[in-house]
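These are the residues of each chain, in order.
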Protein chains: 10
Amino acid sequence: MKKDILEVFDNQFPDRDYTIEIVNPEFTSVCPKTGLPDFGTITIRYIPDKVCVELKSLKYYFLEFRNAGIFYENITNTILDHLIDMLNPRELTVITEWKARGGITETVTASYRAEKI
Amino acid sequence: MKKDILEVFDNQFPDRDYTIEIVNPEFTSVCPKTGLPDFGTITIRYIPDKVCVELKSLKYYFLEFRNAGIFYENITNTILDHLIDMLNPRELTVITEWKARGGITETVTASYRAEKI
Amino acid sequence: MKKDILEVFDNQFPDRDYTIEIVNPEFTSVCPKTGLPDFGTITIRYIPDKVCVELKSLKYYFLEFRNAGIFYENITNTILDHLIDMLNPRELTVITEWKARGGITETVTASYRAEKI
Amino acid sequence: MKKDILEVFDNQFPDRDYTIEIVNPEFTSVCPKTGLPDFGTITIRYIPDKVCVELKSLKYYFLEFRNAGIFYENITNTILDHLIDMLNPRELTVITEWKARGGITETVTASYRAEKI
Amino acid sequence: MKKDILEVFDNQFPDRDYTIEIVNPEFTSVCPKTGLPDFGTITIRYIPDKVCVELKSLKYYFLEFRNAGIFYENITNTILDHLIDMLNPRELTVITEWKARGGITETVTASYRAEKI
Amino acid sequence: MKKDILEVFDNQFPDRDYTIEIVNPEFTSVCPKTGLPDFGTITIRYIPDKVCVELKSLKYYFLEFRNAGIFYENITNTILDHLIDMLNPRELTVITEWKARGGITETVTASYRAEKI
Amino acid sequence: MKKDILEVFDNQFPDRDYTIEIVNPEFTSVCPKTGLPDFGTITIRYIPDKVCVELKSLKYYFLEFRNAGIFYENITNTILDHLIDMLNPRELTVITEWKARGGITETVTASYRAEKI
Amino acid sequence: MKKDILEVFDNQFPDRDYTIEIVNPEFTSVCPKTGLPDFGTITIRYIPDKVCVELKSLKYYFLEFRNAGIFYENITNTILDHLIDMLNPRELTVITEWKARGGITETVTASYRAEKI
Amino acid sequence: MKKDILEVFDNQFPDRDYTIEIVNPEFTSVCPKTGLPDFGTITIRYIPDKVCVELKSLKYYFLEFRNAGIFYENITNTILDHLIDMLNPRELTVITEWKARGGITETVTASYRAEKI
Amino acid sequence: MKKDILEVFDNQFPDRDYTIEIVNPEFTSVCPKTGLPDFGTITIRYIPDKVCVELKSLKYYFLEFRNAGIFYENITNTILDHLIDMLNPRELTVITEWKARGGITETVTASYRAEKI
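Note that the structure is a prediction, hence the values are computed from the model and not measured.

Looking at this model, I keep getting lost on unusual backbone geometry. Mind explaining?
A negative phi angle is the norm for most residues apart from glycine, just as the trans form is the norm for most peptide bonds. Residue Asn88(E) is not a glycine yet carries a positive backbone phi of 45 degrees. Structurally, Asn88(E) is set in the loop between helix H2 (72-87) and strand S5 (91-101).

This is the structure:
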């Protein structure tokens, strides 16, 4: 997962706190234990600071996970970390909801809030 | 987008704080990256001060975006800015919810509150 | 709109704060810009003081708007003002929800609370 | 409406605050203006003190309204008063929801709370 | 009700049987007994022959009924007759569904089928 | 129940078979065994011949049952008979659906079809 | 109703406050006024202290009410009392919801909270 | 609308009758009377013969209507004709469902069935 | 039930409080009174500290209960204890919801919160 | 799976064809490939001839599969065969619907019809 696939564009309204929510119900990766595919929905909710993420590059960034073997918990936190690095947002939450495997579902939620200077 | 398409009429009840909510589920613009159309629902919620926005002029104002290439985030904030300029409202929120592109949806929410004098 | 169409009857239980909610989903008036009819639902919620509004007279009062050309915002506030004048209620809210015109819907909400003496 | 149709039985658990909710969706009375029948749902919610209302007598009490010409607001408050007189409850709420007349519906809500001694 | 308010345009595909369904949930007229307004939904379903009805003129045609006192059954059959006269359709059905009056609703359905020559 | 409460008006479109459906969800009568009220929904569906039933007179006709002690089956068939007498319809169906008594509901359906001459 | 039908087993986790909710939608008893059967749903929610109620014995305990003539309010409070006696729980709520009789439904809710020592 | 924007690919299973349904809920064109935009959902259902329509080219074909002033009926039949020309399908149905204008909605359905040789 | 079937992996993001929710609607065990199978849904919600539970090992851990005779309350608390031992989580909740037995359902909820050091 | 666990009782109405449907949503067996449990719903629908299956014995018969490793298709057909042997029914259908494994669900349907003599 190379985070630099993510492109940003200037937030033209940095004086204002506003919220952007992006939902991708078509995320897929690979289970590191079994090599079988996992399917999930990823929700990203953030308040931008200087830049916003460009949606098409985000789609390609998500594609990077398609053949990667990685735990649910690590996917969630890695996406959080990458978006913090690229966007330096004021607030950010990543939620991943996973389809049943062996009859069991999992949801992981991780958040970040920039310290006020 | 010329904001002066927007017409206003006198708020005949300025002594009272009351709320106006306008929803347009038939908004369309053009993606600046691909040139393909985007479709969304726009919600405007405000407390008027001296003037209210006239609904038919708002419809024509929205039409200005029909063939414009512009990011979701900028549409949301531009509409907020134009309405602040034309209405000087006491409070104002603009929410844009966008249909899926590449399987991914986005919602942008921006608000304004006039300073009490 | 002559507010004196509204009839009242004595609130026989003035010692008690209680709530009356009236909903009319069959309200119609005329757009002052186009001359075409508008359709909406009107909700009135109030705590009576000395008098209550008589329901049949309210029906005839609403009929006065049938062929009147008047903005949504003014209908809402005019009904609020008329009911304040006729009822002197302890609290009163008027909500008008309008069917789509040009694909756009609108909801207006206005409230009043009597000052405690 | 003779309130003494209402029968009570001893609350065998007066040391405990507990709640009884009774709903009658088959209430009917007569409009005092038009002589035509009204139909509604009556909800009674109370915390008993020394006595509870007997359900069959309550059914007969409701029947007393069947051919009585009386306003919605007065029905609601009269039932409240009668139940206060017969039950001396710790708390009591009466809600009446009326079917549309001339397209208009009405809901009346009245409450009582005994003063703590 | 002057049927000549209705405008038509040439059916450019007369070689093909196809179906047009038009629904107007905002129809209103006046009860000839009480002078009070009625509200209903009108559905028109037809197979055109040489011409189709123009939608905006149909809207204005419906408006003619706004202040006319006329029975539900006659509205339904009058609309059917007018559309037969103006359109000479291959098949045509008119359904009118009316909001409750005195707790009672009514639906009227009338159909026409041209004789094959 | 005096059937002559029912008023009729001329069917102005006797050359056409069309259908009228009337639904009254606010019907009430009295159980001849217990003297307690019954509540039900009455549906009338007919193809008129020379006359149609006037809706307001039908409302008053239904009111005649309000304090009458009569079995569900008899109500259904009596209404059918009265409407046949007054309307001489081409076809007629009466359906009565009754609210639960002792946990039990009942629905009665009776139909009539005029002999073709 | 002999409460000693209820069997208990040791709460093996007394150091922890945790919640047990039991729902029985198949409860039946007899109306003491009419001798006719009543049907209801019983919900029991409690935090155990030293013991838990054994589910099969609870089923047999509920069966004891099948032919007993007893008011809704007394059933609710009797079950509450019996469970307090047998379980000495930290918290306990009993809710009984009854099917319509004569068109009228009733819900009774009673709670208990042990005093902290 | 140039139909040759539509691309096709070989149906590799011509021995078998099978059905393809394509739904586009994001169709927009322009009203030829008012110049204002119309919004609708287009459904295409067909049994292919020698070729199938390529989905991306269909998207661009639909885009051709974005700024074209054309009646609902003509859009429906034009799409039908273009698809017949390009695909020579065994069966084909086009349904267009349009959002309300002046409170009125319209649905147009047109079908084609190849003659068996 | 041997808790050491549970495998853990390092929480690679221990600096951050985030939430993991796991739902297994296919849990089955055996009733210790009757020897008959029980079926339920188990929900585990926790904030990890140094380690996370590996999902496949959790599935095998759940399988250990398949032929074990054990009360609902003990299953719930045993799972809670085992997960506390293996994970030392910051917070943890276990909810078990059981299918009807003899018409009666049960839900058990137990929680744990680590003391802040 | 020993089919003689199944008990039968005499069909006391053999002169009549009637249908019995039995649904068990709590069936579980073991996958013969992975050793992991499978969960499904079993529906049995039959017209009895001389005997009917006794329900409690059927429950114990289903329990025989709890720890058996057997394919979905074989379970379905084995149950069908066993029931044919024990019941000699006039008609019999067995449907098994299986919970998702690797995101995939399966339903197996097998039927039998006795030859008319």
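What should I look at first to understand the packing of aromatic side chains in this one?
The geometry of two aromatic rings is summed up by the distance between their centres and the angle between their planes. Using the criterion set out here, one finds 72 aromatic pairs over all chains in the structure. Seen in terms of ring centroids, Phe27(J) and Trp98(J) are 5.9 Å apart; in terms of plane orientation they differ by 80 degrees. Their pairing is edge-to-face. In this pair, Phe27(J) sits in strand S2 (residues 20-30) while Trp98(J) sits in strand S5 (residues 91-101), placing the two residues 71 residues apart along the sequence. Taken as a pair, Phe27(J) and Trp98(J) share a single burial class, namely buried. Taken together through their ring pairs, the aromatic side chains of Phe27(A), Tyr61(A), Phe62(A), Phe65(A), Tyr72(A) and Trp98(A) make up a single cluster.

Would you take a moment to explain the pairing of strand S2 (residues 20-30) of chain H for this structure?
On a regular strand, one side chain projects to one face of the sheet and the next to the other, so that they alternate. Residue and element names in this part refer to chain H. Here S2 runs beside strand S3 (residues 37-47); their pairing, made up of nine bridges, is antiparallel. Paired with Ile22 across the bridge in S3 is Ile44. Taking the residues between adjacent antiparallel strands as the criterion, S2 and S3 are bridged by six residues, where Gly35 takes a positive phi near 75 degrees.

Would you mind showing me how to read the interface of chain I and chain G here?
Buried accessible area, meaning the area lost when the parts come together, often serves as the stated size of an interface. Each partner contributes residues to the interface: chain I has 21 residues there, and chain G has 22 residues. Where chain I abuts chain G, roughly 1800 Å² becomes buried across the two surfaces, and 55% of that area is made up of carbon and sulfur atoms. Inspection of the chain I/chain G interface yields two salt bridges. With its nearest N and O atoms 2.5 Å apart, the salt bridge here joins Asp81(I) to Arg16(G). Residue assignment for the side of chain I that touches chain G shows that the elements contributing at least two residues are helix H2 (72-87) and strand S6 (104-113) of chain I. Residue composition of the side of chain I that touches chain G, by class: seven nonpolar, 10 polar and four charged. Bridge analysis of strand S2 (residues 18-30) of chain G against S6(I) gives six bridges, and the strand direction is antiparallel. Paired with Thr19(G) across the strands is Thr109(I), a residue of S6(I).

Calculation notes
- Residues numbered from 1 in each chain as written.
- Chains lettered and ligands numbered in written order.
- Predicted model: local features only at pLDDT ≥ 70, side-chain atom pairs only at ≥ 80, totals over all residues.
- Heavy atoms only, no water.
- Helix = DSSP H or I, 4+ residues; strand = E, 2+ residues; numbered from the N terminus.
- Phe/Tyr/Trp six-rings, centres within 6.5 Å; stacked < 30°, edge-to-face > 60°.
- Buried < 20%, exposed > 50% of the residue type's maximum accessible area, 1.4 Å probe, protein only.
- Pairing = 2+ DSSP bridges.
- Contact = heavy atoms within 4.5 Å.
- Buried area = accessible area lost by both parts, 1.4 Å probe.
- Salt bridge = Lys/Arg side-chain N within 4 Å of Asp/Glu carboxyl O.
- Nonpolar A, V, L, I, M, F, W, Y, C, P; charged D, E, K, R; others polar.

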